[in-house]
There are 2 protein chains.
Amino acid sequence: MSSSAREAILAAAKRTAQAHGYGGLNFRDLAAEVGIKAASIHYHFPSKADLGAAVARRYWEDTAAALEAMLAETQDPLRCLHRYPDVFRKALENGNRMCLCSFMAAEHDDLPDAVKREVQAFADVNVAWLSKVLSAAALAGSEESDRRARAIFAAIAGAQLLARSRSDLSLYDALIDSYRAAGLLPA
Amino acid sequence: MSSSAREAILAAAKRTAQAHGYGGLNFRDLAAEVGIKAASIHYHFPSKADLGAAVARRYWEDTAAALEAMLAETQDPLRCLHRYPDVFRKALENGNRMCLCSFMAAEHDDLPDAVKREVQAFADVNVAWLSKVLSAAALAGSEESDRRARAIFAAIAGAQLLARSRSDLSLYDALIDSYRAAGLLPA
DNA sequence: TTTTATCTACCTGCCACTTGGTAGGCAACT
DNA sequence: AGTTGCCTACCAAGTGGCAGGTAGATAAAA
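Worth saying up front: this structure is predicted, and the values here are computed from it rather than measured.

Undergrad: With reference to specific residues and values, describe the overall build of chain A.
TA: The secondary structure content of chain A amounts to 9 helices and 0 strands. Secondary structure of chain A in N-to-C order comes out as α-α-α-α-α-α-α-α-α. Here the C-alpha radius of gyration of chain A, 18 Å, is about what a compact globule of 187 residues would show, namely 16 Å. By its C-alpha atoms, chain A is 50 × 35 × 30 Å across when sized along the principal axes. The 187 residues of chain A split such that 51% are buried. A separation of at least 24 residues holds for 65% of the contacts in chain A among residues at least 6 apart in sequence. Of the roughly 8100 Å² that chain A leaves accessible, carbon and sulfur atoms contribute 50%.

Below, the structure written as C-alpha cells:
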C-alpha cells in the first residue's frame, strides 16, 4: 500500500481536529497515533498548513459524497431534510466531537489561507445541498431556499456547539426538535 | 490604583480570547499588551486556568448586567427580544471577533474544569434571560419558553460562527433575518 | 547479469522558538 | 516590619521544521 500511512495520518488528524481544532494538531502526537515518527509526516505533508488543508478538504469531500448518496438513495427530499441533522449528530455521538469546520471557523484568525478556503468549501457544500433539497421539496422558492439553507446550516452548527459544551447529546436532539417546532425545519 | 493592572489584564485577555480562544491566550503577549512582564501576571492570576476562569466569569457577568439593563430601560420584552441579536453582533463588529464562550465551547475538551463552569454559566444566563423575556412577551408558555430560549441562543451562536468564518457582518444580519422569516425569532 | 542510479518512505538527531511556571529580589506604601 | 505589586532571570517541556541518512524497490546501463 503506497499511501496507507497518508490515509492513516489524515484519519487521525481528522479525529484530533474534531476534538481540539487546528491548533490542537501536532506532529508528535499524530505520529505516535499512526505508529510512525513525527518527521515522517513532513514527507506526506510538508507543512502543518498542508496537513490542515488536506484534512479539511477530505472532510468536506466525504460530507458531500455522503449527502449525495443519501439523496440518491431515498429519492425523497423531505426525508433527506429530516435526516440532515443526523450528519452533525454523529460527531457528538463519537466522543462528544464536533464538526471539524465549525471548530476551524472559530479558529478563523489563526488559520493559513489554504485551510480557510477548505473550511468555507464545507459550508458551501452543505448550503448548496440544503438549498437544492429545499427547492426539490418545494418548501421554498429558489431564491428563498438559499437563505433558508444558510439559516438551517448555521442553526445546526450552533446546536452542536451548545450540546458539546454540555457533553449532552439529548440537548442536541431537543434543539433540533425546537427548530422544527419553531418552523425553521419542517416538522 | 490597586487593581488597575488586573483589570487591564482581564480586558486584554478578553479581547485575545474572543479572537484566538483559551488556547490562544499566553502570558507573554498579554503582558506586552498590558505593559508589564509575563511573570507579573502570575501575581494576579496564579495559573492560566485561574485567568481563563476569571475572564469567562467577568464575561458572563458583564453580559448579564447589560441584558438586565436593557430590560429595565425599555420595559418592553418584545423590543428586547428584537435587540438581543445586537449583543452578538457587536463582537463581529469589533474586529470580526466572536463570543468568548462560543469559542471556549468549541475548546471544551481542553478547558480546565473551572473554566468550563463559567462557560456554561454564560449560556445559562442568556437562556434564562431569553426565557424570561419570551414569557413576558407571552410568546410561549413557561415550559416552552425555556426550550425556545435555548433554540434562539444556539441559532444565534451558529450565525455568529458562520459569519465570522466569512468575515462577513452582513451574512450575520441575513441569518438573523432568516430566523425571523422562519419564525424562530418574532418578526 | 551485474552495476549504477533513482525513487519512496521512513528514520535519527537536532534546531530555534514558545509555552506555563518558579525563585528571589526590590522599592513603595501601610 | 510587613504587605503589595512588580521586576529579572531562569527552567523544563513542548512546538514546527530541517538536514542528512538508510533500507528496500525499481529500472536502466554496462
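Undergrad: Break down the protein's contact with DNA strand C for me, citing the residues and quoting the values.
TA: In the vicinity of DNA strand C there are 16 residues, among which A:Lys37, A:Ser40, A:Tyr43, A:His44 and B:Arg28 approach most closely. Counting only the atoms of DNA strand C within 4 Å of the protein, the fraction contributed by sugar and phosphate is 59%. Note that a phosphate oxygen of DNA strand C is positioned 2.5 Å from one of the backbone N or O atoms of A:Lys37. One of the backbone nitrogen or oxygen atoms of B:Phe27 is found 3.2 Å away from a phosphate oxygen of DNA strand C. Breaking the surface near DNA strand C down by element, the ones donating at least two residues are helix H3 (38-44) of chain A together with helix H2 (27-34) and helix H3 (38-44) of chain B. Element by element, the count of residues in the surface near DNA strand C is highest for H3(A), at 4 residues. Looking at side-chain class alone, the surface near DNA strand C contains 7 nonpolar, 6 polar and 3 charged residues.

So, how was this worked out
Residues numbered from 1 in each chain as written. Chains lettered and ligands numbered in written order. Predicted model: local features only at pLDDT ≥ 70, side-chain atom pairs only at ≥ 80, totals over all residues. Heavy atoms only, no water. Helix = DSSP H or I, 4+ residues; strand = E, 2+ residues; numbered from the N terminus. Rg over C-alpha atoms; globule rule 2.2 N^0.38 Å. Buried < 20%, exposed > 50% of the residue type's maximum accessible area, 1.4 Å probe, protein only. Contact = heavy atoms within 4.5 Å. Areas by Shrake-Rupley, 256 points an atom, 1.4 Å probe, with all protein chains shown as cover. Near = heavy atom within 4 Å. Polar contact = N/O pair within 3.5 Å; in protein donor to acceptor, adjacent residues only side chain to side chain. Nonpolar A, V, L, I, M, F, W, Y, C, P; charged D, E, K, R; others polar.

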